[in-house]
Amino acid sequence: MIAADQLVVTRFAPSPTGHLHIGGARTALFNWALARKLGGHFLLRIEDTDQARDTGDECVFGIMRSLAWLGIDWDEGPAPDDLSKSRDPRSVGPFFQSQRLDSYRAALEQLLQKDLAYHAFETPAELEAMRDEAKREKRAFRYNRAALSIPRDERFRRAESEPCVVRFRAPEEEVVVRDEVLGMVRIAPGEVDDFVIFKADGFPTYHFAVVADDQAMGVTHVVRGQEHLTNTPRHVMLQRALGYRTPVYAHLPLIVGESGAKLSKRDKDRAVRQACRDKNITSPPPGTADPDEFAGWLADKNRQMSGGALSRLAAALGVTLPPINAEDFRDAGYLPEVVCNYIALLGWSPGSDIEKFDMGFLAERFDLSRIGKTGARFDYKKLLAFNTDALAAMDDAEFASRWREWCASHAPDVLAATGAATTISESFAMLATAMRPRSKTFADAAAGCAFLLMDDGAIAFDDAAVSKNLIKNDGEGAAVLAALRDELAAAGDWSPKPLHDVIESYAGARAIGLGKVAQPLRVALTGGTVSPPIDATLALLGRDRTLARIDRCLSQVKTAIGKA
RNA sequence: GGCCCCAUCGUCUAGCCUGGUCCAGGACGCCACCCUUUCAAGGUGGAGACACGGGUUCAAAUCCCGUUGGGGUCACCA
């Protein structure tokens, strides 16, 4: 139990993979919120004990950048810009497990001396065989303690020269874990086997490092995903063996994907594979993926295609990969505060009808007792709706500023075309105002600018749009367009209001709906039927480009009518 | 397969602990209509759930047991 005057310490402890999975982001967010709510510290620790995994500094920076983007700041942990420095007000660092080996070895020695742990010499291949056997006999693998039949001194002697692991001698007793979300979880005696706590390479395993660090760093609350639930009895046993306290545990319900299984990178493969099935594609479009790899991948729903090939395939098929990592959401043009708001709702609720809230609200209202037990499906549509609402609620200036920032890294051509490379130009501001009401994400807003970025001569006219708005009824639309062209050419002030007046008076004079006028114009200017309000579209393009596009359209349509 | 966890609209959830105020509330999605210069957005309305079976009780979404279903986990990964 936590004493009343004790500093609450929560932690987020990712392994450095470079990406912050959205499930990890929620774990971090909840730990952050709990620390804020309780006036404690939120700590970031890097779990880099796997030497087989290549984990450059960039991997750590990637995760820290994602956390920072989401607005999750840590009181203790590596400094965000320089890994050789850290924030360490209580002097509990370093925050990289690879730099804490001495402390693990000291704790290990304790266990070894008390015979609470022992060396074991089976090779990986031998263990593999034992595991296979267990599987064949349909039982869970448990280490058989064969090493314990080796005399004690011999074990210690052999450990000097032979490669070996160290196993924890798990007591045969019931373990009851009190979990703030799940209640009491009981594990029968003998269920926990003698798991490895130190690897042959001299590094601790996750279980050992976590327990040692949580103690050393004074972690009081462990909030993590439910996939860790079965690890918890091991950790509790280790804590008891080492004489450590047991922190408060809270296991979060899993975030699941479309298939109902834990949301993962596989969901990207799943989306693309589904598209291939829908479109009856049996071989990869040229230049996207290796045909053999593709065939195997298509047939096996658990297979993952190499990253580059998957993106190329998705692009070729016109499929949007579902965002999974925090950076995917940023790339897709979501607002970080919206992402936080939405993921907070996955497994937690404030207990009222309120569901739109900010970080301050979370910091004030977050509560472990309101975390649910059931897995939550990630609903991209709801996230999108939240993001749409958030953009709609912004004022034009804020939208322009934040959208410009996004474009700088994701759509520089939009900035180039509006002269906004270094600052918000008048033309960019006008564009932003035009795009905001019809955008659900920043990416959406940028995609809507395509008509502006194209060369006047490069516009591809959509057949259906042309026939419906220009050719139908003996070229009614084309006639309107031709007439309007001259009115526009004569317009004095080329800005939205006067342009709007020109169009309206033209329509008014002939008693036709504005739609009959705007749509032909829209097709001529953009090739399709969708764009910002027509006066804004005109103003954005400018007089010369507008007239050039109308002329080009008219001449193409004339040919089409001639043929017909 | 062993062990563990879970079970309210299609989805996220409120309600469950402290049975009656719940013929179950909200949100996203869906449907219809309205608005409309396109697409969005917006407005109004609508359909839509207590997994099943047993108990306990005057009374159960709420408590108990079982069944079924789903998920997690069984590494010298974390």
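Our subject is the structure listed above.
Reading the values: the criteria
- Residues numbered from 1 in each chain as written.
- Chains lettered and ligands numbered in written order.
- Predicted model: local features only at pLDDT ≥ 70, side-chain atom pairs only at ≥ 80, totals over all residues.
- Heavy atoms only, no water.
- Helix = DSSP H or I, 4+ residues; strand = E, 2+ residues; numbered from the N terminus.
- Expected span 1.5 Å × (residues − 1).
- Buried < 20%, exposed > 50% of the residue type's maximum accessible area, 1.4 Å probe, protein only.
- Phe/Tyr/Trp six-rings, centres within 6.5 Å; stacked < 30°, edge-to-face > 60°.
- Lys NZ or Arg CZ within 6 Å of the ring centre and 35° of its normal.
- Axes fitted to C-alpha atoms, helices over the stretch in contact; angles between N-to-C directions.
- Parallel < 35°, antiparallel > 145°, perpendicular 65-115°, else oblique.
- Contact = heavy atoms within 4.5 Å.
- Nonpolar A, V, L, I, M, F, W, Y, C, P; charged D, E, K, R; others polar.
- Salt bridge = Lys/Arg side-chain N within 4 Å of Asp/Glu carboxyl O.
- 1 Å grid on protein atoms, 1.4 Å probe; cavity = no way out; pocket = protein on both sides within 12 Å on 5 of 7 lines; lining within 4 Å.
- Points joined across faces, edges and corners; volume = space filled by probe spheres on them.
- Pairing = 2+ DSSP bridges.
- Near = heavy atom within 4 Å.
- Polar contact = N/O pair within 3.5 Å; in protein donor to acceptor, adjacent residues only side chain to side chain.

## Describing helix 2 (residues 57-70)
If you check helix 2, its first and last C-alpha atoms are 20 Å apart, about what 14 residues at 1.5 Å a residue would give, namely 20 Å. Residues of helix 2 that are buried include every one of Cys59, Val60, Phe61, Gly62, Ile63, Met64, Ser66, Leu67 and Leu70, and no others. Following helix 2 by one or two positions, Gly71 adopts a phi angle in the positive range, close to 90°.

## Things to note about the packing of aromatic side chains
Aromatic ring pairs are described here by two measures, namely the spacing of the ring centres and the angle between the planes. Summed over all chains, the structure comprises 17 aromatic pairs. Both rings, one in Phe30 and one in Phe366, keep their centres 4.9 Å apart while their planes meet at 45°; by these two values the pair is tilted. Here Phe366 lies in the loop between helix 13 (359-365) and strand 13 (376-377) and Phe30 lies in helix 1 (residues 22-38), a separation of 336 residues in the sequence. Relative accessible area serves as the criterion here: at 0%, Phe30 is assigned to the buried category. Ring plane angle 45° and centroid distance 5.7 Å describe the contact between Phe329 and Phe378, whose orientation is recorded as tilted. Of the two residues, Phe329 is situated in helix 11 (residues 326-331) and Phe378 in the loop between strand 13 and helix 14 (380-393); the sequence distance between them amounts to 49 residues. Pair check on accessibility: Phe329 and Phe378 agree, each one buried. Among the aromatic residues, those joined into a ring-pair cluster are Phe329, Tyr334, Tyr342, Phe378, Tyr380 and Phe386. For the cation-ring pair, Arg87 lies above Trp74, with the distance from its terminal atom to the ring centre recorded as 5.4 Å. When the ring centre of Phe141 is taken as origin, the NZ or CZ atom of Arg131, which lies over that ring, is 5.4 Å away.

## Looking at the packing of helix 3 (residues 101-113) against helix 7 (residues 232-242)
Running from amino to carboxyl end, helix 3 crosses helix 7 at an angle of 80°, the nearest separation of the two axes being 10 Å. When the axis of helix 3 is compared with that of helix 7, the two are roughly perpendicular. Together, Ala107, Gln110 and Leu111 of helix 3 and Leu238, Ala241 and Leu242 of helix 7 make up the contact between the two elements. Per-class residue counts for the contact of helix 3 with helix 7 are five nonpolar, one polar and no charged.

## A look at the pattern of salt bridges
Considering all chains together, one arrives at 31 salt bridges under this definition. Among the salt bridges present, the one from Asp328 reaches Lys268, with a minimum N-O distance of 3.0 Å. On the criterion of sequence distance, the pair formed by Asp328 in helix 11 and Lys268 in helix 8 (residues 266-278) is long-range, its members being 60 residues apart. Just as Asp328 is buried, Lys268 falls in that class too.

## Observations regarding the layout of surface pockets
Here the largest pocket defines a volume of roughly 1,200 Å³. Considering the residues around the largest pocket, the lining is formed by 39 residues, among which Ala13, Pro14, Ser15, Glu227 and His228 are closest to the centre. Of all the secondary structure elements, the ones that give two or more residues to the lining of the largest pocket are strand 1 (9-12), helix 1, helix 6 (206-216) and strand 10 (221-225). For the lining of the largest pocket, the element with the highest residue contribution is helix 1, accounting for five residues. Residue classes in the lining of the largest pocket are distributed as eleven nonpolar, 16 polar and twelve charged.

## Considering the environment of Thr27
You can see Thr27 is positioned in helix 1. Every residue in contact with Thr27, bar those within four places of it in the chain, is listed here: Phe12, Val223, Arg224, Gly225 and Leu252.

## Re the environment of Ala465
The residue Ala465 is located in helix 20 (residues 463-489) in this model. Through-space distance from the C-alpha of Ala465 to that of Val530 is 10.0 Å; in sequence the pair is 65 residues apart. Sequence-distant contacts of Ala465, defined by excluding residues within four places in its chain, comprise Leu470, Val523, Gly527, Gly528 and Thr529.

## Quick notes on the pairing of strand 6 (residues 165-168)
Along strand 6, one buried face is formed by Val165 and Arg167 and the opposite face, lined by Val166 and Phe168, is buried too. Two strands pair when backbone bridges link them, and strand 5 (residues 117-120) and strand 6 are joined in this way by four bridges, in the antiparallel orientation. From the neighbouring strand, Ala120 faces strand 6, where its bridge partner is Val165. Sheet topology note: the strand 6/strand 9 (residues 196-198) ladder contains two bridges and is antiparallel. Opposite Arg167, over in strand 9, you have Val196 as the bridge partner.

## So, the protein's contact with RNA strand B
The environment of RNA strand B is formed by 68 residues, the closest being Lys138, Lys199, Glu355, Arg438 and Thr529. A breakdown of the atoms of RNA strand B within 4 Å of the protein gives sugar and phosphate a share of 73%. One of the side-chain nitrogen or oxygen atoms of Arg370 is found 3.0 Å away from a phosphate oxygen of RNA strand B. Going through the elements one at a time, helix 4 (124-136), strand 6, strand 8 (183-187), helix 6, strand 13, helix 14 and helix 22 (514-526) are the ones with two or more residues in the surface near RNA strand B. Residues of the surface near RNA strand B, tallied by class, amount to 25 nonpolar, 19 polar and 24 charged.

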